[in-house]
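If you want the building blocks of each chain, they are given just below.
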Amino acid sequence: WTPEQETLRSFFGSTLVSILTLYKAISGGVDWQDISTPVMDQISPFAGVMFIMFNAFAVLVLLNLVTGVFVDGAMKLSRADKEMELLEKAYKLFRKSDEDQSGDITWEEFQTRLDSPEMTDFFEALEINLTRAHDLFHLIDNSNDGKLTLEELVAG
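Just so you know, the residues in each chain are numbered from 1, in the order the chain's sequence is written. Local features in this predicted model are restricted to residues whose pLDDT is 70 or higher, and side-chain atom pairs enter the listing and the counts only when it is 80 or higher, whereas totals over whole chains, interfaces and linings include all residues. The side-chain values count all of the structure's non-hydrogen atoms but skip hydrogen atoms and water molecules.

## Examining the environment of Asn144
Right, so step 1: With respect to the helices, strands and loops of the structure, Asn144 is situated in the loop between α7 (133-140) and β2 (147-149).
Right, so step 2: Considered as a pair, Asn144 and Thr7 are 137 residues apart in the sequence and their alpha carbons are 81 Å apart. The numbering of helices and of strands both runs from the N terminus, where a helix is a DSSP run of H or I of at least 4 residues and a strand a run of E of at least 2.

What follows is the structure, encoded as structure tokens:
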């Protein structure tokens, strides 16, 4: 065996050794050039190009997969944070708007708080214009009694 053939045999001597070599190539355990040069010189330039394309594809797929997992996790955390923030704003709005401490908010109580910072924060979190307050009130009033309970406000 020539030294070049010995190098090829050390990288591709059996199926298991070939799999290990490909794994090392995509994980950084072995430099691509150390493998691709003997493949191109001893087998064919096409085989060397195929080896490089395999590695490039595998690395890009793994990179995209890992990036996708992190982005998905971040999006889930962001969504959960926004929901928690909205619940806190709804609770704060309810507490401030229930002036008579009856456990529900009438349209009159709701309307008197329209200019309050709590109401502004709540509508901004919902991404709804304050001019639609009357529509929103009646939309989330599930019992149609003209009053909002905390449950209706939070669920709506």
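There's plenty left to go through after this.
## Observations regarding the environment of Arg95
Right, so step 1: Tracing the backbone shows Arg95 in helix α4 (residues 45-97).
Right, so step 2: For the pair Arg95 and Ile105, spaced ten residues apart in the sequence, the C-alpha separation amounts to 9.4 Å.

## Describing the pattern of salt bridges
Right, so step 1: Take a side-chain nitrogen of Lys or Arg and a carboxyl oxygen of Asp or Glu: if they are within 4 Å of each other, that pair is a salt bridge. Inspection of the entire model under this criterion finds four salt bridges.
Right, so step 2: Among the salt bridges present, the one from Lys89 reaches Glu85, with a minimum N-O distance of 2.9 Å. One end of the pair, Lys89, and the other, Glu85, are both in helix α4, four residues apart, so they sit about a helical turn from each other.
Right, so step 3: Glu85 gets classed as partly exposed once you look at its relative accessible area, which sits at 37%. Burial classification: accessible surface area is computed with a 1.4 Å probe over protein chains only, and a residue below 20% of its type maximum counts as buried, one above 50% as exposed, and the rest as partly exposed.

## So, the packing of aromatic side chains
Working definition: an aromatic ring pair is given by the centre-to-centre distance plus the angle between the planes.
Right, so step 1: Note on aromatic contacts: the rings of Phe and Tyr and the six-membered ring of Trp form a pair at centre separations within 6.5 Å, being stacked when their planes are under 30 degrees apart, edge-to-face when over 60 apart, and tilted otherwise. What the rule picks out here adds up to six aromatic pairs.
Right, so step 2: Aromatic side chains Phe110 and Phe137 sit 5.2 Å apart centroid to centroid with 55° between the ring planes, which places their arrangement in the tilted category. Note that Phe110 is positioned in helix α5 (residues 107-112) and Phe137 in helix α7, a separation of 27 residues in sequence. Of the two residues, Phe110 and Phe137, both sit in the buried class.
Right, so step 3: In textbook terms, an aromatic cluster arises when at least three aromatic residues are bridged by ring pairs, as seen for Trp107, Phe110, Phe122, Phe123 and Phe137.

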